[in-house]
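Read off the chains here:
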Amino acid sequence: MFTRRAAILGAGQGLLLTGLAARMYYLQVMESDRYTVLADDNRISHRLLPPPRGLITDRFGVPLAINQQNYHILIVREQTPDVRRTLEVLNRIIDLGADTIERVERDVARKRSFVPVTVRDNLSWDEVARIGVNAPDLPGIIIDAGQLRDYPEGPHLAHAMGYVAAVSEKELTGDPLLELPGFRVGKNGVERVYDLALRGKAGTSQVEVNALGRVIRELDREEGQSGSTVVMTLDIELQRYTNQRLSDKESAAAVVLDVHNGEVLALASHPSYDPNAFTNGISHKLWNSLLNNEYAPLTNKATNGSYAPGSTFKMCVALAALDAGVITPEQRFFCPGHLDLGSSRFHCWKRGGHGWVNLHDSMKHSCDVYYYEISQKIGIDRIAAMARKLGLGEPTGIDLPTERSGLIPTRDWKEVQIGQRWQGGETLISAIGQGYVLATPLQLATMTARLASGKAVVPHLTRDHIDADGTTTRIVEEFPEMAINRAHLNHIRNAMNGVTNETRGTAYNSRIKIAGMEMAGKTGTSQVRRITMRERTTTGVIGNDKLPWKFRDHALFVAFAPIENPRYACAVIVEHGGSGSGVAAPIARDILIKAQELNSSAPGISATTYQPGGQVSRPGKAVEEPSES
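Notes on the structure follow. In this text the structure is predicted, and so the values were computed from the model without any measurement. (Residues numbered from 1 in each chain as written. Predicted model: local features only at pLDDT ≥ 70, side-chain atom pairs only at ≥ 80, totals over all residues. Heavy atoms only, no water.)

## Things to note about the environment of Val-190
- Inspection of the secondary structure puts Val-190 in helix α7 (residues 189-193).
- Its relative accessible area of 0% is what places Val-190 among the buried residues.
- In this structure, the C-alpha to C-alpha distance between Val-190 and Ile-56, residues 134 residues apart in sequence, is 9.0 Å.
- The residues touching Val-190, leaving out its near neighbours within four places in the chain, are Ile-56, Ala-160, Met-161, Leu-198, Val-230, Met-232, Asp-399, Leu-400, Leu-461 and Thr-462. (Helix = DSSP H or I, 4+ residues; strand = E, 2+ residues; numbered from the N terminus. Buried < 20%, exposed > 50% of the residue type's maximum accessible area, 1.4 Å probe, protein only. Contact = heavy atoms within 4.5 Å.)

Next comes the structure, spelled out in structure tokens:
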């Protein structure tokens, strides 16, 4: 006989069993598909594969940034009985060093036994072969292949190209691609500006893993899509020549532009550095040597070097005076070698003066007093307005990550920034490109291009983006005519022609003698120290060759060529080089000759002619057949 208590207990047990059976039915039958998917997610791991980084080429298809196969060694702890002994054997085959062995031992101890640890990158093929031959004595050692960014032109393009390096914590944006081991992003130059386009799209790999996360097998794989190919405006042959032409100077920069479309054909800053040193992490010793170098190889002087433009600024002052109607081209002023303003005396570079000069002669002889005179008639604000119209006093907008704006002072600027009123003597000093006036070589080249073409050109470094499917996006911009009287521009161009091609012009000795290639230009020599009255009146001005390097004048020269149909604008700055006519002008002359010989403004590659990895010929030049190897 069942008691009431036993009946209640049995009923309760029956109820629990019924509920358990119902729950099991729900999980195993009703939710079967859902939990099958969850189980697969635990068993199958989806992993990102880094895509090949896009290539960078010059305007004619010459590779400037490529991806080289990179071999590196890995070690797996669970596959070797003695990590230390394996590393010591490996050290006898290839050079590792004690520091590397200690670092690998630390990494191995911190990670799971099946997780590979990188021992060394950048193995040569000879080292790979030696490790392969000795594989039986190296349990747990794996040779893996990846890709490494390589810059075939090295220091020739470091400042324009930039470099890639490992992702820093500040650069993590949540994009899982950035968290991949060994993934690198653009840190400077074009590599940084177009980093997103160059990265491409990640691939995926489906692998089966066990409960510990160890990979059992790969189930599926979809390779990533390579980044876009970026075609630069640069002509690498002209770039090499420009660098070579600056190589015997302590510190210098040069820029060559197409005066019609703003394409940068050469952008050189000397001294330079090898961007390949940054790809896998630069050593402290090399970094400190670059950082502490007095000639600043890490600085792109073409875009970030601010210099007093000296007499290359006189075209702005003359144009401002013509535009304001305060002078005519034939109006003359007398230069006795100085001009007195109040109790101050402002000297011309020529001690005895130039006598009576008009606009043409003042530019040809670079007479300072002429510009002192006309600057008093127009004032600093109208000079500043014309300078900005010609591209000075603000960043040009070139596609590089950093660029200095230079400085074009005004009355308001001085009151706001310095808290003082503008003085009349400061207008005179500014009129010859000294005092507060500062400009970069790129700005001076832009100014010259605008004078030569009459267009408000803006410099840029890239022409095309070519996607993996061949779609081309061309970076083309139409530049408007500047609101400057064409007749006034012609007077300035004729005066610049007199500088280089008329007897007694300041750059006559550096003229281009090849018919049809002649250039028009302007010399500039900017002081970096104050010349004392005692030097001027008693002892004589100390020559640059007798001064320490840092106290010598900067040498500048700007020019365009050819005169009849301007195509190229060039600006050269040699830091503490001394004379603009004797040092900077010959460099610009040679560069402009080379640009015209190479036909550097030729169209270059396009979507119909370019194939990644293919060969593209220069206009008028045959493509060399690849040699067998």
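And the narrative resumes.
## Let's talk about unusual backbone geometry
- Between His-270 and Pro-271 the backbone carries a cis peptide bond, its omega angle lying at 0°.
- Going from Ala-561 to Pro-562, the amide bond is cis rather than trans, its omega being -15°.
- Of note in this structure, His-576 is not a glycine but carries a positive phi near 55°.
- Within the secondary structure, His-576 is located in the loop between β21 (568-574) and α21 (580-598).
- Since its relative accessible area comes to 11%, His-576 is described here as buried.

## So, the packing of helix α9 (residues 236-246) against α21
- Their axes nearest at 10 Å, the elements α9 and α21 cross at an angle of 160°. Judged by the angle between their axes, α9 and α21 are roughly antiparallel. Of the two elements, α9 crosses α21, and the hand of that crossing is right-handed. Mapping the contact onto sequence places Glu-237, Leu-238, Tyr-241, Thr-242, Arg-245 and Leu-246 in α9 and Pro-586, Ile-587, Asp-590, Ile-591, Lys-594, Ala-595 and Leu-598 in α21. (Axes fitted to C-alpha atoms, helices over the stretch in contact; angles between N-to-C directions. Parallel < 35°, antiparallel > 145°, perpendicular 65-115°, else oblique. Left-handed = near helix turned anticlockwise from the far one by under 90°.)

## A short note on helix α4 (residues 98-110)
- End to end, α4 covers 19 Å across 13 residues, agreeing with the expected 18 Å (1.5 Å per residue, within 8%).
- Of the positions making up α4, those classed as buried are Thr-100, Ile-101, Val-104, Asp-107 and Val-108. What you see down the axis of α4 is that its buried residues fit within an arc of 130°, all on one side. Along α4, the residues that are exposed and aim more than 90 degrees away from the buried face are Ala-98, Asp-99, Ala-109 and Arg-110.
- In this fold, the buried residues of α4 make contact with β3 (63-75), α3 (83-93) and β4 (117-123). (Expected span 1.5 Å × (residues − 1). Arc of directions from axis to C-beta.)

## Here we look at the sheet that holds β21
- One open sheet accounts for 5 strands, arranged β12-β11-β21-β20-β19; its pairing is antiparallel. For this open sheet the edge positions go to β12 (264-270) and β19 (520-526), each flanked by a neighbour on one side alone. The average undirected angle you get between the axes of adjacent strands in this sheet is 5°.
- For strand β11 (residues 252-258) and β12, the ladder comprises 6 bridges, and the chain directions are antiparallel. Paired with Leu-257 across the bridge in β12 is Val-264. (Pairing = 2+ DSSP bridges.)

## A few points about the environment of Ile-374
- Here Ile-374 lies in helix α15 (residues 368-389).
- Judged by its relative accessible area of 0%, Ile-374 falls in the buried class.
- C-alpha of Ile-374 to C-alpha of Val-326: the two residues are 48 residues apart in sequence and 7.9 Å apart in space.
- Those residues within four positions of Ile-374 in sequence are excluded, and the remaining contacts are Val-317, Ala-318, Ala-321, Ile-327 and Phe-333.

## Remarks on the packing of α3 against α4
- At a minimum axis distance of 11 Å, the contact between α3 and α4 shows a crossing angle of 150°. The angle between the axes of α3 and α4 places the two elements in the roughly antiparallel class. Handedness of the α3/α4 crossing: right-handed. Across from Val-83, Arg-84, Leu-87 and Asn-91 in α3, the residues of α4 making contact are Ile-101, Val-104, Glu-105 and Val-108.
- The class makeup of the residues in the contact of α3 with α4 is 5 nonpolar, 1 polar and 2 charged. (Nonpolar A, V, L, I, M, F, W, Y, C, P; charged D, E, K, R; others polar.)

## A word on the side chain of Thr-410
- Within the fold, Thr-410 resides in the loop between α15 and α16 (411-417).
- A distance of 3.1 Å separates a polar atom in the side chain of Thr-410 from the backbone nitrogen of Trp-413.
- Sequence-distant contacts of Thr-410, that is, excluding residues within four places in its chain, are made with Ile-380, Asp-381, Ala-384, Arg-388 and Trp-422. (Polar contact = N/O pair within 3.5 Å; in protein donor to acceptor, adjacent residues only side chain to side chain.)

## A closer look at the pattern of salt bridges
- The final tally for this structure, using the stated rule, is 22 salt bridges.
- We note a salt bridge from Asp-107 to Arg-103, for which the minimum N-O separation is 3.6 Å. Placement of the pair is Asp-107 and Arg-103 together in helix α4, with a separation of 4 residues, close to one helical turn.
- Among the residues examined, Arg-103 registers a relative accessible area of 27% and is labelled partly exposed.
- Shared partners join several salt bridges into a network, and the residues in it are Arg-53, Arg-149, Glu-191, Asp-195 and Arg-199. (Salt bridge = Lys/Arg side-chain N within 4 Å of Asp/Glu carboxyl O.)

## Digging into the pairing of strand β17 (residues 462-466)
- For β17, the tally of buried residues reaches 5 of 5 residues, placing the bulk of the element in the interior.
- As defined by bridge partners, strand β10 (residues 229-232) adjoins β17 across 4 bridges and the pair is classed as antiparallel. Along β17, the bridge assignment pairs Met-232 with Thr-462.

## Some remarks on a nonpolar patch on the surface
- Judged by side-chain polarity, Tyr-25, Tyr-26, Val-29 and Met-30 come together as a nonpolar surface patch covering roughly 430 Å² of accessible area.
- Turning to its location among the elements, Tyr-25 is positioned in helix α1 (residues 4-30).
- Among the residues examined, Tyr-25 registers a relative accessible area of 48% and is labelled partly exposed. (Patch = residues over 30% accessible without salt bridge, like charges linked within 9 Å, V, L, I, M, F, W, Y side chains within 5 Å. Areas by Shrake-Rupley, 256 points an atom, 1.4 Å probe, with all protein chains shown as cover.)

## Digging into the packing of aromatic side chains
- With the rule as written, the count across this model stands at 11 aromatic pairs.
- Seen from their ring centres, Phe-333 and Tyr-370 are 5.5 Å apart, and the 80° between their planes marks the pair as edge-to-face. Linking Phe-333 in strand β13 (residues 333-335) with Tyr-370 in helix α15, this pair joins segments that are 37 residues apart in sequence. By the burial criterion, Phe-333 is buried, and Tyr-370 matches it.
- The class for Tyr-370 is buried, based on a relative accessible area of 0%.
- An aromatic cluster is defined as three or more aromatic residues linked by ring pairs; in this entry it consists of Tyr-163, Tyr-273, Phe-278 and Trp-287.
- Above the face of the Phe-60 ring, Arg-59 is positioned so that its terminal group lies 5.8 Å from the ring centre.
- Sitting above the plane of the Tyr-508 ring, Arg-511 keeps its charged end 3.9 Å from the centroid. (Phe/Tyr/Trp six-rings, centres within 6.5 Å; stacked < 30°, edge-to-face > 60°. Lys NZ or Arg CZ within 6 Å of the ring centre and 35° of its normal.)

## Some details on the pairing of strand β15 (residues 344-347)
- Relative to β15, strand β14 (residues 338-341) is paired through 4 bridges, and the arrangement is antiparallel. Bridging from a neighbouring strand, His-338 pairs with His-347 of β15.
- Between β14 and β15, which follow one another and run antiparallel, lie 2 residues, and Gly-342 among them has a positive phi close to 65°.

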